[in-house]
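# Chain and residue survey
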Amino acid sequence: MLISCPECKQRVSEQATSCPKCGRPVSDEDRETAKAEAEATARTAKGCGIGCLVIVIIFLIIAAITESKTPHNTDIELEAQQSIQRDKERKAKDIHDFQVEIEKQRILEQEGKGRP
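Thresholds applied
Residues numbered from 1 in each chain as written. Predicted model: local features only at pLDDT ≥ 70, side-chain atom pairs only at ≥ 80, totals over all residues. Heavy atoms only, no water. Helix = DSSP H or I, 4+ residues; strand = E, 2+ residues; numbered from the N terminus. Rg over C-alpha atoms; globule rule 2.2 N^0.38 Å. pLDDT = per-residue confidence, 0-100. Buried < 20%, exposed > 50% of the residue type's maximum accessible area, 1.4 Å probe, protein only. Salt bridge = Lys/Arg side-chain N within 4 Å of Asp/Glu carboxyl O.

Within the protein chain, the secondary structure is distributed over two helices and two strands. In the protein chain, the succession of helices and strands from N to C terminus is β-β-α-α. Here the protein chain has a C-alpha radius of gyration of 43 Å; the compact-globule value for 116 residues is 13 Å, and the former is much larger. Taken along its principal axes, the extent of the C-alpha atoms in the protein chain is 135 × 30 × 15 Å.

Put into structure tokens, the structure is as follows:
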């Protein structure tokens, strides 16, 4: 494991007797301090990891709930297509009814012209 030299902050092996950069001796106290700091950092990192995991899980749960309540695009598209089809059918019926009415009027006019 590497530790920081208390004087120059150079990374030094914990087994070294002195810092290769500044020459300061590495004491047992320096080694113990570095180990304690490393353990504290590891605990903090572990806590942050667990916290991030919890946040991600909560986010996924909220996304799943929201998705289940939102109609899917395919449902909306199907409703739109059905509405368009109903409109087409109504228009076709209106056109047919209009053509029938015109044909009736034409027949009545022809009958009226044929009478003396």
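On average, residues of the protein chain score 85 in pLDDT, and 94% of them are at 70 or above. Mean pLDDT across the secondary structure elements of the protein chain bottoms out at strand S1 (residues 2-4), with 81, and peaks at helix H2 (residues 73-114), with 91.

Its identity is not glycine, yet lysine 9 carries a phi of approximately 65 degrees, on the positive side. Inspection of the secondary structure puts lysine 9 in the loop between S1 and strand S2 (11-13). On the accessibility criterion, lysine 9 (57% relative accessible area) is exposed.

A few words now on the pattern of salt bridges. Taken as a whole and judged by the stated rule, the model has six salt bridges. Arginine 24 serves as the salt-bridge partner of glutamate 7, at 4.0 Å between the closest nitrogen and oxygen. Pair noted here: glutamate 7 is in the loop between S1 and S2 and arginine 24 is in the loop between S2 and helix H1 (28-69), with a separation of 17 residues, a long-range link. For aspartate 97, the salt bridge goes to lysine 93, with nearest N and O atoms at 3.0 Å.

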